[in-house]
Every structure is written in structure tokens, then in C-alpha cells.
Amino acid sequence: MKLHRESKGTITVATILFLVLGALAIYFLKIWSLLIIAPLLIIYCLIFWFFRVPNRTILDHRENVIAPVDGKVVMIKEVEENEFIKGKAIQVSIFMSPLNVHICRYPVSGKVIYKKYHPGKYLVAWHEKSSTENERTTVAIETETNHKVVFRQIAGYVARRIVFYCNEGDPAKAGHEFGFIKFGSRMDVFLPLDTEIICKIGDITKGGLDVIAKLKEN
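- Naming follows an unreviewed UniProt entry, where the chain appears as Phosphatidylserine decarboxylase proenzyme of Chryseobacterium bernardetii.
- The annotation that UniProt attaches to the chain under Subunit (unreviewed entry) is "Heterodimer of a large membrane-associated beta subunit and a small pyruvoyl-containing alpha subunit."

Quick look at the structure:
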């Protein structure tokens with residue numbers, strides 16, 4: 001199984017803790033140490049599972065808006081996006097549990113025209129105010145269809161580390177990786193009002209594969 005590059009530090013710390021705690025359990029508890037080692041081993045394996053990188057065939061897209069993450073659609077509504085669009089947009093939010101793949105992918109193809117990191121709170125990721133009050137990043141793409149699409153990585157109650165690798169001027173390819181969030185979080189995508197929304201609340205998405213909306217050709 002291939003592991004994400006962001007796993008290195010976490011797995012190193014987890015390995016050291018597992019070995020130290022396991023050794024202490026064996027030394028002090030003898031045969032009863034299995035009561036400690038078994039749950040530790042389950043947690044250790046779950047950390048590897050969290051950082052897995054699935055093998056997915058990413059297609060080329062022009063009008064399609066692709067699910068940026070694995071997760072569950074928890075919000076579709078018209079909102080005011082005041083950071084970049086500075087006007088009304090359709091917000092599609094996808095919540096990721098700790099068991100989901102947490103690779104973050106471009107939802108559209110085009111060029112990166114804006115990026116910014118915001119420190120903030122750690123409200124639960126499904127809370128509506130987390131989009132504007134939590135630790136987050138904002139990225140804007142000028143699409144191949146001449147639209148402006150904004151999306152945000154949002155840290156949750158458990159997630160405390162967001163990374164994004166893109167820079168202004170970089171090409172964006174829908175479905176391809178641009179960042180990562182550790183241990184439970186949310187992605188918001190802000191789309192033009194005339195966008196055809198294909199997904200619905202409750203849908204389970206596969207990042208890089210599922211089409212969640214379609215932009216109108218300009």
C-alpha cells in the first residue's frame with residue numbers, strides 16, 4: 001500500500017510510541033500485556049490506513065466540477081462568499097471522517113489565481129461557521145470555461161494540520177492533488193450561481209472521480 005508523503009512524521013512518532021508502550025506493557029504486565037498491545041496495534045494500523053493513497057485513474061475535465069475529496073455532501077446552498085468572489089455563490093460542502101482518504105484535489109481545471117492561509121478556531125467541521133472561523137485555506141481558480149471557482153480546506157475539531165502545495169500561477173487539473181488535511185475535516189467549493197449541481201445532500205463522494213456539478217460554457 002502506498003502511503004502519502006505527509007505520513008512520515010506521524011508514523012515515525014506512532015512507531016516509537018507503540019514500541020515503547022508495548023515494551024513497558026510486556027515488562028510490567030507479562031501475559032496481561034495483550035490487553036494493552038491489542039488496542040495499540042489497532043490504532044497503529046488505522047494510522048497507516050488513514051494515510052493510504054488509492055490508485056485512481058483521473059480523466060481530463062473542462063466543464064465538470066469534480067469531487068475534491070472523499071466524504072459526504074453535507075451542504076448545498078446559496079451563500080455570500082466575501083473573501084474572493086465578494087458576492088453570491090453556490091456552496092457545496094463535503095465532510096471527511098477520519099476513515100476517509102484525506103488527499104485534497106482540484107475540483108476544476110484552469111489556473112491558480114489566489115491562495116491564502118487563515119489561522120482560526122477548531123469548531124467541529126460540519127458546523128456552518130467553520131467555513132469562516134476555523135483554520136482554513138482559500139484557493140481560487142480561473143477555469144478553462146472562464147469562471148472563478150473558490151474552494152477551501154477547513155480544519156475540524158480533530159484535524160490540526162492543513163497543507164497545500166499550489167502557488168499562484170500554477171496550472172490546475174481537476175482531480176489532481178493540491179493538498180492534504182490530517183484526521184477529519186471539510187472541503188467547501190464555491191461555484192457560480194448558474195452552475196448545474198449534480199450531487200445532493202447525503203451523497204458519498206470519491207475524490208477525483210465523481211462529478212458533483214457542471215459549469216456553463218461561456
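**Here's the deal with the UniProt feature "active site" (unreviewed entry) in the chain**
Thinking step 1. In this structure's numbering, the residues bearing the UniProt feature "active site" (unreviewed entry) are Ser185.
Thinking step 2. By the secondary structure assignment, serine 185 is in strand S11 (residues 185–191).

**Quick look at the nonpolar core**
Thinking step 1. Core analysis: the largest hydrophobic core is formed by 30 residues, its most contacted members being Tyr106, Val139, Ile141, Phe151, Phe178 and Leu191.
Thinking step 2. Contributions of two or more residues to this core are made by strand S3 (87–96), strand S6 (136–143), strand S7 (148–155), strand S8 (162–164), strand S10 (177–181), S11 and strand S14 (211–214).
Thinking step 3. The greatest single-element share of this core, amounting to four residues, is contributed by S3.
Thinking step 4. Beyond its immediate stretch of four places on either side in the chain, phenylalanine 151 contacts Tyr106, Pro107, Thr137, Thr138, Val139, Ile141, Phe178, Met187, Asp188 and Val189.
Thinking step 5. Listed in part, the 14 residues of the second largest apolar core include Ile37, Leu40, Tyr44 and Val163.

**Examining the packing of helix H1 (residues 7–29) against helix H2 (residues 34–50)**
Thinking step 1. At a minimum axis distance of 10 Å, the contact between H1 and H2 shows a crossing angle of 170 degrees. Taken together, the axes of H1 and H2 lie roughly antiparallel to each other. Mapping the contact onto sequence places Thr10, Ile11, Ala14, Thr15, Phe18, Leu21, Gly22, Ala25, Ile26 and Leu29 in H1 and Ile36, Ile37, Leu40, Leu41, Tyr44, Ile47 and Phe48 in H2.
Thinking step 2. Looking at the contact of H1 with H2, its residues break down into 14 nonpolar, three polar and no charged.

**Structural notes on the packing of aromatic side chains**
Thinking step 1. Here the structure, examined in full by the defined rule, presents 10 aromatic pairs.
Thinking step 2. Plain terms: the ring middles of phenylalanine 18 and tyrosine 44 are 5.1 Å apart, the flat faces sit at 5 degrees to each other, and that makes the pair stacked. Of this pair, phenylalanine 18 sits in helix H1 while tyrosine 44 sits in helix H2, and the two are 26 residues apart along the sequence. Comparing phenylalanine 18 with tyrosine 44, the two get one shared label, buried.

**Concerning the sheet that holds S14**
Thinking step 1. Taking strand neighbours across the sheet as the criterion, the three strands line up as S1-S14-S12 in an open arrangement whose pairing is antiparallel. Looking at strand neighbours, the two that pair on one side only are strand S1 (64–66) and strand S12 (196–197), the edges of this open sheet.
Thinking step 2. Bridge analysis of S12 against S14 gives two bridges, and the strand direction is antiparallel. Within S14, the residue paired with isoleucine 197 across the bridge is alanine 213.

**Focus on unusual backbone geometry**
Most of the time, phi is negative for any residue but glycine, and the peptide bond is trans.
Thinking step 1. With phi around 55 degrees, lysine 30 is a residue other than glycine that occupies positive phi space.
Thinking step 2. Tracing the backbone shows lysine 30 in the loop between H1 and H2.

**Overview of the pairing of strand S5 (residues 110–118)**
Thinking step 1. Sheet analysis places S5 next to S6, joined by eight bridges and oriented antiparallel. Of the residues in S6, the one forming a bridge with glycine 110 is threonine 143.
Thinking step 2. Sheet topology places S5 next to strand S9 (residues 171–172); two bridges connect them, and they run antiparallel. Each residue of the ladder has a partner; that of lysine 111, found in S9, is proline 171.

Criteria and thresholds
Residues numbered from 1 in each chain as written. Predicted model: local features only at pLDDT ≥ 70, side-chain atom pairs only at ≥ 80, totals over all residues. Heavy atoms only, no water. UniProt positions renumbered as here; feature names shortened; annotations may be inferred. Helix = DSSP H or I, 4+ residues; strand = E, 2+ residues; numbered from the N terminus. Core = buried A, V, L, I, M, F, W, Y, C linked by side-chain atoms within 4.5 Å. Buried < 20%, exposed > 50% of the residue type's maximum accessible area, 1.4 Å probe, protein only. Contact = heavy atoms within 4.5 Å. Axes fitted to C-alpha atoms, helices over the stretch in contact; angles between N-to-C directions. Parallel < 35°, antiparallel > 145°, perpendicular 65-115°, else oblique. Nonpolar A, V, L, I, M, F, W, Y, C, P; charged D, E, K, R; others polar. Phe/Tyr/Trp six-rings, centres within 6.5 Å; stacked < 30°, edge-to-face > 60°. Pairing = 2+ DSSP bridges.

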